[in-house]
Amino acid sequence: MTDTVNQNKLRGLAWSLFGSLCFTTVMSLAKLLDPNVKGAVLVFIRCLFGLIFFLPFLLKAGVETLKTQRPFLHLLRVIFTCLAIACTYYGYRNLPLAVGTSLGFTAPLMTTALAILVLKEVVTIKKWILIFVGYLGVLVIVQPPEFSFNSAVYILLLANLFASSSLICAKKLTATESTISMMFYVNVISTILSGIAACFVWVTPSLRDFIILVFLGLIGVTAQLCYVKSLQCANPSFLAPFEYSRLIIAIPIGFVLFSELPTMWTLIGSGVIITATLLVTRMELSKNIKVL
């Protein structure tokens, strides 16, 4: 039983890490878009192509997998997801990749807090300390006294709250819903809602931007699949600290695409984050082998 629990956690970790790679790639592609491409248009095309790329999975699984016992929770998750996507793209497009990624690390704190309130998970003081230590590593990177805050910072923090709320909804849905149904409803309804918003600010993207948007849809739906799979294997409070891995992924991508070199503070903060994450992993995997 213990081996099965640990194996599921490791599978959840693997899905989560690959999802982080996909997420960072999507945010990097978004920064390459022409500023004239409005956020609503970006979200709509990303959702539209995400839906198109998802359809083969639906056809393979069959429409019977779309039966749901919790339509309201699906809708609530979709609303949180749309708000999170819109705020996240705005934040990343208006901030340096490393700064945006660092601010994104407030999400594990929010996810853990929500998991306690909604899912009634028990989180030990040691885990709280390690999560806050990881967050201190983020502060080392951002260096608040030297960083000029703007609206993009607050909007990105708000995106983390919406994303954490969506994550909690997804975790509750995994108890009764299939992966296919969860992805179907979030993609279909998100496409409809974002399409309505895009109608008011539509500007036809160039061929270059259109190609980027296609890849945004493909990689975005892959990231979504990874996160759903990770939630089916492990609890949000276990997965949350591994969001820190996005920084390690963002450093080489930022250098290649935007000529952003990591500073000494980035490297020090990354070391703090990695250490805290490894200790959380050890704590989670070892607690199941204790004799109760």
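Here the structure is shown first, and the text comes after it.
Counting from 1, residues in each chain are numbered in the order their sequence is written. With pLDDT at 70 or above as the cut-off, local features in this predicted model cover only qualifying residues; side-chain atom pairs require 80 or more to be listed or tallied, and sums for whole chains, interfaces and linings still use all residues. To get the side-chain values, all heavy atoms of the structure are used, and hydrogens and water are removed first.

What follows deals with the overall build of the protein. A count of helical and extended segments in the protein gives twelve helices and zero strands. By definition, any uninterrupted DSSP run of H or I lasting at least four residues is a helix, any uninterrupted run of E lasting at least two residues is a strand, and each is numbered from the N terminus. Traced from its N-terminal end to its C-terminal end, the protein shows the element sequence α-α-α-α-α-α-α-α-α-α-α-α. Burial status follows relative accessibility: with a 1.4 Å probe on protein chains alone, a residue under 20% of its type maximum counts as buried, one over 50% as exposed, and anything between as partly exposed. The buried share of the protein, reckoned over its 292 residues, is 49%. The criterion used for residue contact is that any of the two residues' heavy atoms lie within 4.5 Å. In the protein, 91% of the contacts between residues at least 6 apart in sequence involve partners at least 24 apart. Accessible area for the protein stands at about 13,900 Å²; split by element, carbon and sulfur atoms hold 73% of it. Exposure was quantified through the Shrake-Rupley algorithm and a 1.4 Å probe, taking into account, for residues, occlusion by the shown protein chains and nothing else.

Note on aromatic contacts: the rings of Phe and Tyr and the six-membered ring of Trp form a pair at centre separations within 6.5 Å, being stacked when their planes are under 30 degrees apart, edge-to-face when over 60 apart, and tilted otherwise. Under the definition given, this model contains three aromatic pairs. Between the aromatic rings of Phe 23 and Tyr 92, the centroid separation amounts to 6.0 Å while the plane-to-plane angle is 80°, which identifies the pairing as edge-to-face. In this pair, Phe 23 sits in helix H1 (residues 2–32) while Tyr 92 sits in helix H3 (residues 71–93), placing the two residues 69 residues apart along the sequence. In this scheme, Lys NZ or Arg CZ marks a charge over a ring once it lies within 6 Å of the ring centre and within 35 degrees of the ring normal. For Lys 31, the ring lying beneath its charged end belongs to Phe 258, and the centroid distance is 5.4 Å.

Moving on to empty space enclosed by the protein. Grid spacing is 1 Å over the protein atoms alone, the probe is 1.4 Å, and a cavity is where that probe fits but cannot get out, while a pocket is an open set with protein on both sides within 12 Å along at least five of seven lines and lining residues have an atom within 4 Å of a point. Grid points are joined across faces, edges and corners, and a volume is the space filled by probe spheres set on the points. Going through the model one piece at a time under the given rule, you end up with one cavity of 30 Å³ or more. By volume, the largest cavity amounts to about 760 Å³. Lining the largest cavity are 35 residues; nearest its centre among them are Phe 23, Ala 84, Ala 163, Ser 166 and Tyr 227. When residues of the lining of the largest cavity are traced back to their parent elements, those giving at least two are H1, H3, helix H5 (107–118), helix H7 (151–173), helix H9 (207–233) and helix H10 (236–239). Among the elements that make up the lining of the largest cavity, the one with the highest residue count is H7 (eight residues). For this classification, Asp, Glu, Lys and Arg are treated as charged, while Ala, Val, Leu, Ile, Met, Phe, Trp, Tyr, Cys and Pro are nonpolar and the rest, including Gly, are polar. A breakdown of the residues in the lining of the largest cavity according to their chemical character gives 20 nonpolar, eleven polar and four charged.

Limitation: the analysis is restricted to geometry and does not speak to function.
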